[in-house]
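# Tertiary structure, described
These are the residues of each chain, in order.
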Amino acid sequence: MIVLGIETSCDECAAAVVEDGRRILSNVVATQIPFHREYSGVVPELASRKHTEWIYGVVEEALLRAEKTPGNIDGIAATALPGLMGSLLVGLTFAKAFAWARRIPFLACNHILAHLYAARLCENGPAYPYIGLLVSGGHTIICRVDDFDTVEVLGTTIDDAVGEAFDKVAKYYGLGYPGGVHIDKAAGRGDDGVFAFPVPKLHKGEHRYDVSYSGLKTAVVNQLEQFRKKGTPGDLNTCDIAASFQKTAVEILLGALLRACGDTGIKTVVSGGGVAANSYLRSRLARCDGLTCIFPPLDLCGDNGAMVAGLACQYFLRGDSSPLSTTASARVKEFKRRYP
Ligand code: KG4
Ligand code: ZN
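Predicted model, so just to flag it, every value in this text is computed and none were measured. (Residues numbered from 1 in each chain as written. Chains lettered and ligands numbered in written order. Predicted model: local features only at pLDDT ≥ 70, side-chain atom pairs only at ≥ 80, totals over all residues. Heavy atoms only, no water.)

### Here's the deal with the site of ligand 1
Surrounding ligand 1, one finds 20 residues, the nearest of these being Gly-137, Asp-167, Gly-180, Asp-184 and Asn-278. Note that an oxygen atom of ligand 1 is positioned 2.9 Å from one of the backbone N or O atoms of Gly-137. Contact distances for ligand 1 include 3.2 Å between an oxygen atom and a backbone N or O atom of Asp-303. The set of elements that each furnish at least two residues to the shell around ligand 1 consists of α4 (111–117), α5 (162–172) and α6 (179–187). Class assignment of the residues belonging to the shell around ligand 1 gives a composition of five nonpolar, 12 polar and three charged. Each of domain 1 (2–117 + 301–317) and domain 2 (126–295) gives at least three residues to the shell around ligand 1. (Near = heavy atom within 4 Å. Polar contact = N/O pair within 3.5 Å; in protein donor to acceptor, adjacent residues only side chain to side chain. Helix = DSSP H or I, 4+ residues; strand = E, 2+ residues; numbered from the N terminus. Nonpolar A, V, L, I, M, F, W, Y, C, P; charged D, E, K, R; others polar. Domains from an automatic or database assignment.)

So, in structure tokens, the structure goes:
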């Protein structure tokens, strides 16, 4: 089955063609980062306008690279939630119009499930159940994954998402936008033992698998004030800050993750989302004794259409599709939440 997947939930205008939910025939990601950089954040109105301008060309390019025509597509999917309303509507409306014109099934995809599916875009995906670790600019979710559409949220962030913390710290230290990749690079030149930043103690009661990043972010930003009292932070200081921040950010995740694995007895962790590209997170998880940690390839960590097409294919193969009346939603409500 050949599925076209469209992703426009935020600032990437993406489309991909995937065969049988596993084999990527094309994966086109047109990033809007240069347009949002001067504002140090995504401007929703600008994002939806760019999606409107680009969507046709991006889909055309995905078909071209896959050597397919619209007539070869058996099903089409687009991200419907969560995300920026105006941006979501562009991809979703395009996909619905395509489905209607071609008389093929349409699926409205959940972005969180799509990120969790990204690591399955290979011949031998991990066996269920596993612990999902979704880490992105908008989400930090630790969940039990029993199937492509069956997820139980165990823990989440109680304030900032981990990617958001990377982006904010990078912004304060002038490292670049979006910050994650710049912090990752600077950290490679720094010493992660120079600064001791706080790790919140959330391991009891209903927050057992939750994380918090606002305290860490504030501590790292306050350190900048300390530097400023003496001048400006030198390059070396900034790299040490980046390394110490990154290490603490990952330790926070790891604490909640290890509690989730220990309590559920599930020893396989599958990650997804932009922060899953982080080199320290990848190497630190690989060093966890007794855990098997699976990451998507780097180009499937951030937002992309392949994860949407792959996930949608699983629904189509089960005979499910979405009505063309389905609309977008900025938030997700349907996940079950379990407390220990
Ligand atoms: O999944 P994604 O592309 O979009 C959302 O759904 O949010 O994730 C984007 C986030 C940004 O916060 C970005 O800074 C972060 O992923 N990111 C990274 C790295 N690459 C991207 N964070 C840490 N290390 C990286 N190498
Ligand atoms: Zn995402």
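Let's pick the thread back up.
### What about the pattern of salt bridges?
As enumerated under the stated definition, the model contains 13 salt bridges in all. Notably, a salt bridge pairs Glu-61 with Arg-65, separated by 2.8 Å at the nearest N-O pair. One end of the pair, Glu-61, and the other, Arg-65, are both in helix α2 (residues 44–65), four residues apart, so they sit about a helical turn from each other. Here Glu-61 falls in the partly exposed class, since its relative accessible area comes to 29%. Asp-160 serves as the salt-bridge partner of Lys-168, at 3.8 Å between the closest nitrogen and oxygen. (Salt bridge = Lys/Arg side-chain N within 4 Å of Asp/Glu carboxyl O. Buried < 20%, exposed > 50% of the residue type's maximum accessible area, 1.4 Å probe, protein only.)

### Let's talk about the domain arrangement of the protein chain
Looking at the protein chain, the domain boundaries give domain 1 (2–117 + 301–317) and domain 2 (126–295). A separation of 27 Å is found between the C-alpha centroids of domain 1 and domain 2. Contacts between the two partners involve 18 residues from domain 1, matched on the other side by 21 residues from domain 2. Across the interface of domain 1 and domain 2, roughly 1,500 Å² is buried in total on both sides, 75% from carbon and sulfur atoms. Put simply, domain 1 and domain 2 have zero salt bridges between them. Of all the secondary-structure elements, those providing two or more residues to the side of domain 1 that touches domain 2 are α1 (33–37), α4 and α10 (306–317). (Contact = heavy atoms within 4.5 Å. Buried area = accessible area lost by both parts, 1.4 Å probe.)

### Side note on the pairing of strand β5 (residues 106–110)
With four of five residues buried, β5 lies mostly within the body of the structure. Note that strand β4 (residues 75–81) and β5 share five bridges and pair parallel. Within β5, the residue paired with Ala-77 across the bridge is Leu-107. Crossover handedness for the path β4 to helix α3 (residues 85–102) to β5: right-handed. (Pairing = 2+ DSSP bridges. Right-handed = clockwise from strand over helix to strand, strands pointing away.)

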